[in-house]
Amino acid sequence: MSQKIDKREDIQILDYKPEYRSAFKDLNVEWITKYFEMEEADYRVLNNPDSEIIEKGGRILIALYNGVPAGTCALLKMNNSDSTVELVKMAVSPKVRGIGIGWELGKAVTTVAKEMGANKIFLEGNTNLKASISLYHKLGFKRIEGVTSPYKRVDIQMELDLNEDI
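Residues numbered from 1 in each chain as written. Predicted model: local features only at pLDDT ≥ 70, side-chain atom pairs only at ≥ 80, totals over all residues. Heavy atoms only, no water.

A. Representation of the sheet that holds strand β7 (residues 156-161) within the structure. The seven strands lie next to each other as β1-β2-β3-β4-β5-β7-β6, forming an open sheet whose pairing is mixed. Two strands bound the open sheet, and with one partner strand each, they are β1 (11-15) and β6 (142-144). Each adjacent strand pair in this sheet contributes to an overall mean axis angle of 30°, direction not counted. Bridge count between strand β2 (residues 59-65) and strand β3 (residues 68-77): seven bridges; the pairing is antiparallel. Paired with Ala63 across the strands is Gly71, a residue of β3. Along the sheet face, helix α5 (residues 130-139) touches β4 (84-92), β5 (120-125) and β7 and points at about 25° away from the line of β7. (Pairing = 2+ DSSP bridges. Helix = DSSP H or I, 4+ residues; strand = E, 2+ residues; numbered from the N terminus. Axes fitted to C-alpha atoms, helices over the stretch in contact; angles between N-to-C directions. Contact = heavy atoms within 4.5 Å.)

Dropping the structure here:
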């Protein structure tokens, strides 16, 4: 008799440490260069996560799968708001997609955003990345419009109201 194995028990979500700096960069460069081109804003954030995210009051999360970095994302405080944070640089290694790492990162992000005092989470994406857009919808994000983006690849912006039940 076969038994269903829950791979999610092998996923750990941790706060960023300098030892995960290359994983944060490599996981993001991997997906960006597969579908798009690296842009100035990508280089700035990925080459300087401490000064561009951590020192500005943001947080970076690392997902370990069986002890190996397999996913990441970050939350940035938005310049124009004390109550909204931006979800950026979310990536999951293609080697382990489909086992719930994105979901676990997404759920952790809502907790961390609340700890940061946020009422909303904003994100930018591209509708060609169907799995990520589907994940954001499952997490409760809704499409919005009207925010200027520094990225050429962005064709959708979404927001999650943390005061609503998911």
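We are not done yet, so read on.
B. Here's a closer look at helix α4 (residues 101-115). Taking 1.5 Å as the rise per residue, α4 with 15 residues should run 21 Å; its terminal C-alpha atoms sit 21 Å apart, in good agreement. Listing the buried residues of α4 in full gives Ile101, Gly102, Leu105, Gly106, Ala108, Val109, Thr110, Val112 and Ala113. (Expected span 1.5 Å × (residues − 1). Buried < 20%, exposed > 50% of the residue type's maximum accessible area, 1.4 Å probe, protein only.)

C. Representation of unusual backbone geometry in the model. Phi at Asn66 takes a positive value of approximately 55°, unusual for a residue other than glycine. Looking at the secondary structure, you find Asn66 in the loop between β2 and β3. For Lys89, which is not glycine, the phi torsion reads 50° and is therefore positive. Mapping Lys89 onto the fold places it in strand β4.

D. Up close: the layout of surface pockets. Considering only enclosed or pocket space, the largest pocket measures out at about 790 Å³ in volume. Lining the largest pocket we find 33 residues, and of these Met90, Ala91, Ala131, Ser132 and Tyr136 sit closest to its centre. Its residues placed into classes, the lining of the largest pocket shows 19 nonpolar, seven polar and seven charged. For the second largest pocket, the calculated volume is near 490 Å³. If you trace the second largest pocket, you find 18 residues lining it, with Arg44, Leu76, Asn79, Glu86 and Pro150 closest to the centre. The element best represented in the lining of the second largest pocket is helix α2 (residues 40-47), accounting for three residues. Of the residues belonging to the lining of the second largest pocket, the class tally is nine nonpolar, three polar and six charged. (1 Å grid on protein atoms, 1.4 Å probe; cavity = no way out; pocket = protein on both sides within 12 Å on 5 of 7 lines; lining within 4 Å. Points joined across faces, edges and corners; volume = space filled by probe spheres on them. Nonpolar A, V, L, I, M, F, W, Y, C, P; charged D, E, K, R; others polar.)

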